[in-house]
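Below, each chain spelled out in residue letters.
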Amino acid sequence: MNISQTVLDFKAYVERVNAIRQALYLFSWDMAVGAPKGGTASRAKYVGILSAEEFSMRVSDEMKGFLDALDPCGESLDESTKAMLRICRRDYYTYKKIPVEEMREYSELLPKAQSIWEKARAENDFAAFAPVLDRIIRFQKKFVEYRGYDGHPYNTLLDDYELGMTVETLDAFFKKLKEAIVPLLKRISALDRQKNNAGFIHRHVPIERQQAIARLLMKTIGFDLNRGMLLESAHPFTTNLGKNDVRITTRYHENAFLSSFYSVLHECGHAIYEQNKMDEIADTILDTGVSMGVHESQSRFYENIIGRSEAFWAYIHYGLMEILGDTFKDMSARKLYEAANIAKPSLIRIEADELTYCLHIMVRYEIEKQLFSGDFDVNKLPGVWNAKMKEYLGIEPLTDSEGILQDIHWSDGSFGYFPSYALGNAYAAQIFHVMRRDIPFESCVRTGDFKRIQEWLTETIHRFGSLTTPSDLIENLSGEALNPDYYIEYLTEKFTALYEL
Ligand code: ZN
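Residues numbered from 1 in each chain as written. Predicted model: local features only at pLDDT ≥ 70, side-chain atom pairs only at ≥ 80, totals over all residues. Heavy atoms only, no water.

Trainee: Just checking my understanding: could you explain the sheet that holds strand 2 (residues 238-240) for this structure?
Mentor: Sheets are built from strands that pair by backbone hydrogen bonding, the pairs being arranged parallel or antiparallel. Spatial strand order, 1-3-2: 3 strands in an open sheet with mixed pairing. Looking at the sheet topology across the chains shown, the edges are occupied by strand 1 (228-232) and strand 2. Going across the sheet, the axis of each strand differs from the next one's by a mean of 20 degrees, ignoring polarity. By the bridge criterion, 5 bridges tie strand 1 to strand 3 (residues 246-250) in an arrangement that is parallel. What sits directly across from Met229, in strand 3, is Arg247. The strands that helix 10 (residues 257-275) touches are strand 1, strand 2 and strand 3; relative to strand 3, the one it contacts most, it runs at about 170 degrees. (Pairing = 2+ DSSP bridges. Helix = DSSP H or I, 4+ residues; strand = E, 2+ residues; numbered from the N terminus. Axes fitted to C-alpha atoms, helices over the stretch in contact; angles between N-to-C directions. Contact = heavy atoms within 4.5 Å.)

The following block contains the structure:
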């Protein structure tokens, strides 16, 4: 057997799989940014066919043939072939167990579910979403049974987003975070001197001005618009069509301009990661971030560690004021910094402050863990949600739109995804700890030298794409495994200073 020919054939085969996947990403991008509603059923049909095609290629006998032929070659293969084999092998043995027909039915259901969720959220009508949510959960539970699991059934889903992640690790991780965050939040809430009188951030800012702010931010931090774009959607997200076509969305609220401000920084963090992978892996299955947790570390890094720092406000203040005009001239950089860091329990996850954010994730984590550990009644979920919000954040939503219906994730079957947000925060703090040893982070931000920060991130994280694994990446970069202590230390230092505790 000619190994180099087999490698070429394997790569050509994987390229075809990847092409179908890109088409599916485009469909899903299109649906989120305003494809006509009337075409939902037709698109669902095409998506169903393409997903089934992609799925059967990943679990085909041909794929098995490549794996069997190349696996014994092990170390003699080049790095990219090894990484592709690792991904394809995992895919093959994981999904081989799910019948193609069921996967097709499930894939057809998801785009419909997304439209139903959007409408239900707009109309505060959980009952309209409940039946389709119930079907999605039942599919996923069945898939977990087919796929098998070690320990908790939810582990199988966690592993999809963060290789090797388990309920056992996360229980300990969240316990540690909760023990640090809740008392810190209590000390802040007890202060007379709350820095919460920041009504000025709710002054009216027309959408055109917010769009100008978005352009300013993208240019400042280095999102390349020649290989990227920004549109609007109900829920901000990033679509990666390879390093040369990375798209992001935001949403504008005329009386809360910081909402779009931070969502743009967040999605730019994802996008800058994708745009700075090495050329050698462009347009292959490795041309994507290594895990959801590491991805979130990059978005959180730009949104919080840079964007919510005092140095960033000092730098961006002038440019921002030029766009906002006279009505905002009483907003000093310091006042904006404080307003962007008000620590206060709130209902909407994506608008939560840095300190309370992980508590929102704990609510979702606890619910998902329960959903996959036994039987459930989907109609009881709003009640469970509200009780958990009360337990973790001390507040309850008045409507399901600002409660259980707020996030898109369950409508596209992304169970196991939410914990990546919390992991991302912890990774980001660990990365930040190492970065500060190498470069003068604060003066870079204060002087607008975002290039230097991005180059450091590219060198240590971005360029590898999926050539590596999340645990190897973090260990190589910091010399140790994920350690939540850095995140706790970061939050404690920042909020102790800010609130003079
Ligand atoms: Zn994100």
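Still to come is the rest of the account.
Trainee: Looking at this structure, how should I read the packing of aromatic side chains?
Mentor: Working definition: an aromatic ring pair is given by the centre-to-centre distance plus the angle between the planes. Taken as a whole and judged by the stated rule, the model has 34 aromatic pairs. With centroids separated by 6.0 Å and ring planes inclined at 45 degrees, the aromatic side chains of Tyr154 and Tyr365 adopt a geometry described as tilted. Separated by 211 residues along the polypeptide, Tyr154 in helix 7 (residues 154-161) and Tyr365 in helix 14 (residues 357-371) bring together distant segments of the chain. Both rings, one in Trp410 and one in Phe418, keep their centres 6.5 Å apart while their planes meet at 80 degrees; by these two values the pair is edge-to-face. A relative accessible area of 5% places Trp410 in the buried class. (Phe/Tyr/Trp six-rings, centres within 6.5 Å; stacked < 30°, edge-to-face > 60°. Buried < 20%, exposed > 50% of the residue type's maximum accessible area, 1.4 Å probe, protein only.)

Trainee: Can you walk me through the coordination of the zinc ion in this structure?
Mentor: On the protein side, the zinc ion has His266 (NE2), His270 (NE2) and Glu296 (OE) as donor atoms, found 2.0 to 2.1 Å from it. In terms of primary sequence, the donors binding the zinc ion are separated according to H-x3-H-x25-E. Of the two residues, His266 sits in helix 10 while Glu296 sits in helix 11 (residues 292-306), which places them 30 residues apart along the sequence. Across this residue pair, the class does not change: His266 and Glu296 are buried. (Donors = N, O, S within 2.8 Å, 3.2 Å for Na, K, Ca; no water.)

Trainee: Just to check I follow, could you spell out the pairing of strand 3 for this structure?
Mentor: Remember that side chains alternate between the two faces of the sheet whenever the strand is regular. For strand 3, a buried count of 5 out of 5 residues is recorded, marking the element as mostly surrounded by other parts of the structure. Judged by which residues are buried, strand 3 turns out to be covered on both faces: Val246, Ile248 and Thr250 on one side and Arg247 and Thr249 on the other are all buried. Where strand 2 lies against strand 3, 3 bridges are found, and the strand directions are antiparallel. Residue pairing across strands places Thr239 opposite Arg247, the latter belonging to strand 3. Count of turn residues in the strand 2/strand 3 antiparallel hairpin: 5 residues, of which Gly242 carries a positive phi of about 95 degrees.

Trainee: Any chance you could explain helix 9 (residues 207-221) here in plain terms?
Mentor: Each α-helix winds once per 3.6 residues, and so residues spaced three or four apart point in a common direction. The terminal C-alpha atoms of helix 9 lie 21 Å apart, and with 15 residues this matches the ideal 21 Å at 1.5 Å per residue to within 8%. For helix 9, the complete set of buried residues consists of Gln210, Ala212, Ile213, Ala214, Leu217, Met218, Thr220 and Ile221. Buried residues belonging to helix 9 abut strand 1, strand 3, helix 10, helix 11, helix 12 (310-324) and helix 18 (450-460). Remark: Gly222 follows helix 9 within two positions and exhibits a positive phi of approximately 95 degrees. (Expected span 1.5 Å × (residues − 1).)

Trainee: Would you explain the layout of surface pockets in this entry?
Mentor: Put simply, the second largest pocket is a space of about 400 Å³. Elements represented by at least two residues in the lining of the second largest pocket include exactly helix 11, helix 12, helix 16 (419-438), helix 17 (441-446) and helix 20 (485-498). A per-element tally of the lining of the second largest pocket places helix 20 first, with 5 residues. A per-class count over the lining of the second largest pocket returns 8 nonpolar, 2 polar and 7 charged. (1 Å grid on protein atoms, 1.4 Å probe; cavity = no way out; pocket = protein on both sides within 12 Å on 5 of 7 lines; lining within 4 Å. Points joined across faces, edges and corners; volume = space filled by probe spheres on them. Nonpolar A, V, L, I, M, F, W, Y, C, P; charged D, E, K, R; others polar.)

Trainee: What exactly am I supposed to notice about empty space enclosed by the protein here?
Mentor: Where empty space is left in the structure can be found by rolling a water-sized probe over the atoms. A complete count under the given rule lists 7 cavities of 30 Å³ or more for this structure. Put simply, the largest cavity is a space of about 100 Å³. Lining the largest cavity, in full, are Met31, Ala32, Ala35, Lys37, Thr40, Arg43, Pro111, Gln114, Ser115 and Glu118. For the lining of the largest cavity, the secondary-structure elements that each account for two or more residues are helix 1 (3-32), helix 2 (40-58) and helix 5 (100-122). Tallied by class, the residues present in the lining of the largest cavity amount to 4 nonpolar, 3 polar and 3 charged.

Trainee: What should I look at first to understand the packing of helix 8 (residues 167-189) against helix 16 in this one?
Mentor: Each pair of packed helices can be summarised by the angle the axes make with each other and by the distance between the axes. Taken N-terminus to C-terminus, the directions of helix 8 and helix 16 make an angle of 60 degrees; their axes are 12 Å apart at the nearest point. In terms of their interaxial angle, helix 8 and helix 16 are classed as oblique. Crossing geometry of helix 8 relative to helix 16 is assigned as left-handed. Touching Leu170, Phe173 and Phe174 of helix 8 are Pro419, Ala422, Leu423 and Ala426, all from helix 16. In terms of residue class, the contact of helix 8 with helix 16 is made up of 7 nonpolar, no polar and no charged. (Parallel < 35°, antiparallel > 145°, perpendicular 65-115°, else oblique. Left-handed = near helix turned anticlockwise from the far one by under 90°.)

Trainee: Help me out: how do you make sense of the domain arrangement of the protein chain in this one?
Mentor: By a frequent convention, interface size equals the accessible area lost on bringing the separate parts together. Examined at the domain level, the protein chain breaks down into domain 1 (3-95) and domain 2 (167-372 + 415-498). Using only C-alpha atoms to locate each centre, domain 1 and domain 2 end up separated by 30 Å. Counting from both sides, the interface comprises 17 residues of domain 1 and, opposite them, 20 residues of domain 2. Carbon and sulfur atoms make up 72% of the surface buried where domain 1 meets domain 2, a total of about 1400 Å² over both sides. Seen at the junction of domain 1 and domain 2, the total is 0 salt bridges. Those elements giving two or more residues to the side of domain 1 that touches domain 2 turn out to be helix 1 and helix 4 (79-95). Take the side of domain 1 that touches domain 2: its biggest share by element is 9 residues, from helix 1. For the side of domain 1 that touches domain 2, the residue count by class is 10 nonpolar, 3 polar and 4 charged. (Domains from an automatic or database assignment. Buried area = accessible area lost by both parts, 1.4 Å probe. Salt bridge = Lys/Arg side-chain N within 4 Å of Asp/Glu carboxyl O.)

Trainee: What exactly am I supposed to notice about the side chain of Thr6 here?
Mentor: Relative to the helices and strands, Thr6 resides in helix 1. There is a polar contact of 2.9 Å between the side chain of Thr6 and the backbone oxygen of Asn2. (Polar contact = N/O pair within 3.5 Å; in protein donor to acceptor, adjacent residues only side chain to side chain.)

Trainee: For this particular structure, what's the right way to read the environment of Lys64?
Mentor: Relative to the helices and strands, Lys64 resides in helix 3 (residues 61-70). On the basis of relative accessible area, Lys64 is assigned to the partly exposed category, the value being 27%. Separated by 24 residues in the primary sequence, Lys64 and Cys88 place their C-alpha atoms 9.4 Å from one another. Leaving out residues up to four positions away in the same chain, Lys64 has contacts with Tyr92 and Tyr93.

Trainee: Could you clarify how one ought to interpret the environment of His295 in this entry?
Mentor: Within the secondary structure, His295 sits in helix 11. Considering only alpha carbons, one finds His295 and Ser466, 171 residues apart in sequence, at a separation of 11 Å. Setting aside residues no more than four positions away along its own chain, His295 makes contact with His270, Tyr273, Glu274 and Gly289.

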